[in-house]
Amino acid sequence: MMLTAAVSYPSAAGTGYNRIDWNVLKTIHCDIRFPDGMEGLALRAAELSEEGYARVSDALAHDCAQVITVVIFPAHHGPDQDDDMMDDYRRGLIRTGRGSIAVSFNGSYADLRRAITHKIAHVFQYDLFTDAPVPVPAISAQRMPPAIAEGMAEYIACGFDEKADMVMRDIMTGGRHIGIRELADNRLTVRTREFREAQSLFMFIEKRYGRHAVGEILKDIRDCGNFCEAVRINTGASLDRLDLEWNDSLRNRYHVLVDNEKRAADGAERITFDADGSESMNILPAISPDGKRIAYLAAGGPSARLAVVSAERDSSPGMKRICYFPNSMKLGRLSSAFGVDNKLSWSKNGSRILLAARSKGADSIFSINAENGTVVSEIRLPFSAVMQPSKSADGRLIAFSGIASCSADIYIYNTEEGAVTRLTDDDFTDRDPALAPDGLSVVYSSNWNAAGDIGRDDFNLVRLDIKNGIRTVLVGTGGNDIQPDISHDGNRLVYSSNSNGAYNIYLLDMTTSKAVRITDETAGAFHPRWFPDGKGIAYVSLRDQAFEIFVRRL
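Please read these numbers as outputs of a predicted model, since none were measured by experiment.

Engineer: Teacher, can you tell me more about the overall build of the chain here?
Structural biologist: Within the chain one finds 12 helices and 31 strands. Per-residue burial over the chain gives 58% buried out of 554 residues. Put simply, 53% of the contacts in the chain that link residues at least 6 apart link residues at least 24 apart. For the chain, the accessible surface area stands at approximately 22100 Å², while carbon and sulfur atoms represent 47% of it.

Set out below in structure tokens:
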């Protein structure tokens, strides 16, 4: 690899940057372009790009005819994340050539590996179809269905992963499996369920017909101009027969769910409702100090809004909503993680809601009036991807996750002194901070491991004593243990874990170190939050392809 001299281009007006200095790191197959000061991230992105290239090349039995340009930069909040840098990218201020991809870094190298490999797979798809640069619509014109293109790229990048499994659990439980013919429809709008179904299809094809079947199908789509015909050529089976075999394999995999059709067996009460079935996301519940209100983010399409609903029981769930606040900021950094990697918190007296968002070119922590949604105060921070603000009981301290250079770490902001203290400082991904009520310790999730593998997707829950820096692993199951929340008495912890397959909510008694599962959600449960009295939690679960908020009384 070779690092070339920096190349600088003036920023376009209104982007929020006075100047962006872009450097280039050359590898065998890729040019890594990155902003000045991100050399460490660029080196890791270069390694991941070469790994991704090798993975895609092997899967498709093909080598790309062009050098792939990989533009790497830090993630920010907002559905239109990274607009400032992307404006420069789109306007040609970054001189990318053919086969260009742009990837943002959210602090997780596992996510970065998947994103780079997924987008390199798309470059290979284009390269197989033509030796000239082509836009995405050209693939549709060549009879490459969009859902198939996305599902193939994701399967090559990460196989059939737990995110795909979560979506397929929900699909099979609800009896909404659509089949190959609909996936092959070029007019199909590609939503999460469609490309996850296609991801499942390619797992089935590879297991049934061999490891190079996916690449051969792609080449035959190019040659015969039709996905269904390409599948028939490679499998020797009619589409109806293949669909039946795929459906049988899904039923075998999820037979318990399909046979039982059991949902919410633990008696959880649904608080939010997706009115139009549009794959909405009602996420990040936070319960007010009096236990009567739940704040959350309502995300759907290109926007996200802060909302408040009543947490009290009544006979008309559809009337629980109190208000939506204006979408005056870019809320909720949508990412590849489940739901949104963020968190809401309430002030001690319940008058304000704390959230992290991006506004006017910087990541900030905002304090929002809980009655009318106006901004009361803003803490601007010198980090990218500021997430998951957690407030101490007295309101003096705010813990959050942020990226200073090339890793996500935990920080503390002292509201009285206006000072930031860094609590973790390593190359691993540290996230989901939860401050203890007394403000003396913080529990967070981390993928730290003795082997030094910063891309390992294996998160434990760690308690850090803020005064002496001593760290203690509270939960380490061998799966992902994430999103902790500490009870108001400081003795119990709820968190989400996939230690037994699907993500569900667990309760840890920190005095005895005993953990028990308290939800049984088919398609996963996430973002648990305590009620002040300790007698219940709110959490998020996927139901009918929409993330909704539920309350579980303990």
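From this point, things continue past the structure.
Engineer: Teacher, can you tell me more about the sheet that holds strand 17 (residues 384-391) here?
Structural biologist: Across the sheet, 4 strands lie side by side as 17-18-19-20; this open sheet has antiparallel pairing. Two strands in the sheet have a free side with no partner beyond their single neighbour: strand 17 and strand 20 (419-422). Direction aside, the axes of adjacent strands within the sheet are offset by 30° on average. Examined bridge by bridge, strand 19 (residues 408-414) and strand 20 share 4 bridges and lie antiparallel to one another. What sits directly across from Y413, in strand 20, is V420.

Engineer: Help me understand helix 11 (residues 239-253), please; the structure alone is not making it clear to me.
Structural biologist: Because each turn of an α-helix spans 3.6 residues, side chains separated by three or four positions in sequence point in the same direction. In this model helix 11 runs 21 Å from its N-terminal to its C-terminal C-alpha over 15 residues, within 8% of the 21 Å that 1.5 Å per residue would give. Of the residues making up helix 11, those classed as buried are L239, L242, D243, E245, W246 and L250. Down the axis of helix 11, the buried set is contained in an arc of 165°. They therefore lie on one face. Of the residues in helix 11, the exposed ones pointing more than 90 degrees away from the buried face are D240, L244 and N252. Elements that come into contact with the buried residues of helix 11 comprise helix 6 (162-174), helix 7 (180-183), helix 8 (192-209) and helix 10 (227-235).

Engineer: What should I look at first to understand the pairing of strand 17 in this one?
Structural biologist: Across a regular strand the side chains alternate sides, sitting on one face of the sheet and then on the other. The buried count for strand 17 comes to 7 of 8 residues, which makes it a mostly enclosed element. As paired strands, strand 17 and strand 18 (residues 397-403) are joined by 4 bridges and run antiparallel to one another. Of the residues in strand 18, the one forming a bridge with S384 is I403. The loop that links strand 17 with its antiparallel partner strand 18 comprises 5 residues; one of these, G395, has a positive phi angle of about 80°.

Engineer: Got a minute to help me understand the environment of I217 in this structure?
Structural biologist: Among the secondary structure elements, I217 is positioned in helix 9 (residues 213-224). Between the alpha carbons of I217 and L60 there is a distance of 9.3 Å; along the sequence they are 157 residues apart. Setting aside chain neighbours within four positions, we find I217 in contact with I205, F227, A230, V231 and N234.

Engineer: How should the packing of helix 3 (residues 109-129) against helix 9 be read in this particular structure?
Structural biologist: How two helices sit against one another is set out by the angle between their axes and by the gap between those axes. The contact between helix 3 and helix 9 brings their axes to 9 Å, and the two run at 40°. Considering how the two elements wind past one another, helix 3 and helix 9 form a crossing that is right-handed. From helix 3, Q125, L128 and F129 reach across to helix 9, where they touch L218, K219, I221 and R222. When the residues that make up the contact of helix 3 with helix 9 are grouped by side-chain class, the tally is 4 nonpolar, 1 polar and 2 charged.

Engineer: Quick question: what am I supposed to make of the packing of helix 5 (residues 146-158) against helix 8 here?
Structural biologist: Two elements in contact, helix 5 and helix 8, have axes separated by 7 Å at closest approach and are oriented at 60°. One finds that helix 5 runs oblique with respect to helix 8. Between helix 5 and helix 8 the crossing geometry is right-handed. Mapping the contact onto sequence places A147, I148, E150, G151, M152, E154, Y155 and C158 in helix 5 and E194, F195, R196, A198, Q199, L201, F202, M203 and E206 in helix 8. Looking at the contact of helix 5 with helix 8 residue by residue, the class counts come to 10 nonpolar, 2 polar and 5 charged.

Engineer: Quick question: what am I supposed to make of the sheet that holds strand 27 (residues 504-509) here?
Structural biologist: Pairing between sheet strands relies on hydrogen bonds along the backbone, with the strands arranged either parallel or antiparallel. With respect to topology, 4 strands assemble into an open sheet ordered 25-26-27-28, the strand pairing being antiparallel. The outermost strands of the open sheet, each flanked by one partner alone, are strand 25 (481-486) and strand 28 (514-517). Adjacent strand axes in the sheet meet at a mean angle of 25° when their direction is disregarded. Note that strand 26 (residues 492-497) and strand 27 share 6 bridges and pair antiparallel. Paired with Y495 across the strands is Y506, a residue of strand 27.

Engineer: In this structure, what is going on with the confidence of the model for the chain? I would like to understand it.
Structural biologist: Low-confidence regions, as indicated by low pLDDT, have predicted coordinates that should not be scrutinised in detail. Residues at a pLDDT of 70 or more form 81% of the chain, whose mean pLDDT is 82. Here residues 1-18 is modelled with pLDDT under 50, and outside its nearest four sequence neighbours on either side it reaches 46 contacts, counting other chains as well. In this model residues 77-97 is a low-confidence stretch, pLDDT under 50, and it forms 74 contacts with partners more than four residues away in sequence or in other chains.

Engineer: Just checking my understanding: could you explain the pattern of salt bridges for this structure?
Structural biologist: A side chain with one charge may pair with a side chain of the opposite charge, provided their charged atoms come close. Within this structure, the stated rule accounts for 29 salt bridges. Among the salt bridges present, the one from R176 reaches D170, with a minimum N-O distance of 3.1 Å. Between E245 and R241 there is a salt bridge, with its nearest N and O atoms 3.0 Å apart. Of this pair, E245 and R241 both sit in helix 11, 4 residues apart, which is roughly one turn of that helix. A relative accessible area of 42% places R241 in the partly exposed class. Each of R114, E154, D161 and R196 takes part in a single network of salt bridges with overlapping partners.

Engineer: Would you take a moment to explain the packing of aromatic side chains for this structure?
Structural biologist: The geometry of an aromatic ring pair is captured by two quantities: the separation of the ring centres and the angle between the planes. Inspection of the entire model under this criterion finds 9 aromatic pairs. Ring centres of F400 and Y411 lie 5.6 Å apart, and the angle between their planes is 15°; this geometry places the pair in the stacked category. Taken together, the residues span a long stretch of sequence, with F400 in strand 18 and Y411 in strand 19 at a distance of 11 residues. On the basis of relative accessible area, Y411 is assigned to the buried category, the value being 2%. An angle of 55° between the planes, with centres 6.2 Å apart, marks the rings of F428 and W448 as tilted. Taken together, the residues F428 in the loop between strand 20 and strand 21 (430-435) and W448 in the loop between strand 22 (441-446) and strand 23 (460-465) connect sequence positions 20 residues apart.

Here is what the cut-offs are and how they apply
- Residues numbered from 1 in each chain as written.
- Predicted model: local features only at pLDDT ≥ 70, side-chain atom pairs only at ≥ 80, totals over all residues.
- Heavy atoms only, no water.
- Helix = DSSP H or I, 4+ residues; strand = E, 2+ residues; numbered from the N terminus.
- Buried < 20%, exposed > 50% of the residue type's maximum accessible area, 1.4 Å probe, protein only.
- Contact = heavy atoms within 4.5 Å.
- Areas by Shrake-Rupley, 256 points an atom, 1.4 Å probe, with all protein chains shown as cover.
- Pairing = 2+ DSSP bridges.
- Axes fitted to C-alpha atoms, helices over the stretch in contact; angles between N-to-C directions.
- Expected span 1.5 Å × (residues − 1).
- Arc of directions from axis to C-beta.
- Left-handed = near helix turned anticlockwise from the far one by under 90°.
- Nonpolar A, V, L, I, M, F, W, Y, C, P; charged D, E, K, R; others polar.
- Parallel < 35°, antiparallel > 145°, perpendicular 65-115°, else oblique.
- pLDDT = per-residue confidence, 0-100.
- Salt bridge = Lys/Arg side-chain N within 4 Å of Asp/Glu carboxyl O.
- Phe/Tyr/Trp six-rings, centres within 6.5 Å; stacked < 30°, edge-to-face > 60°.

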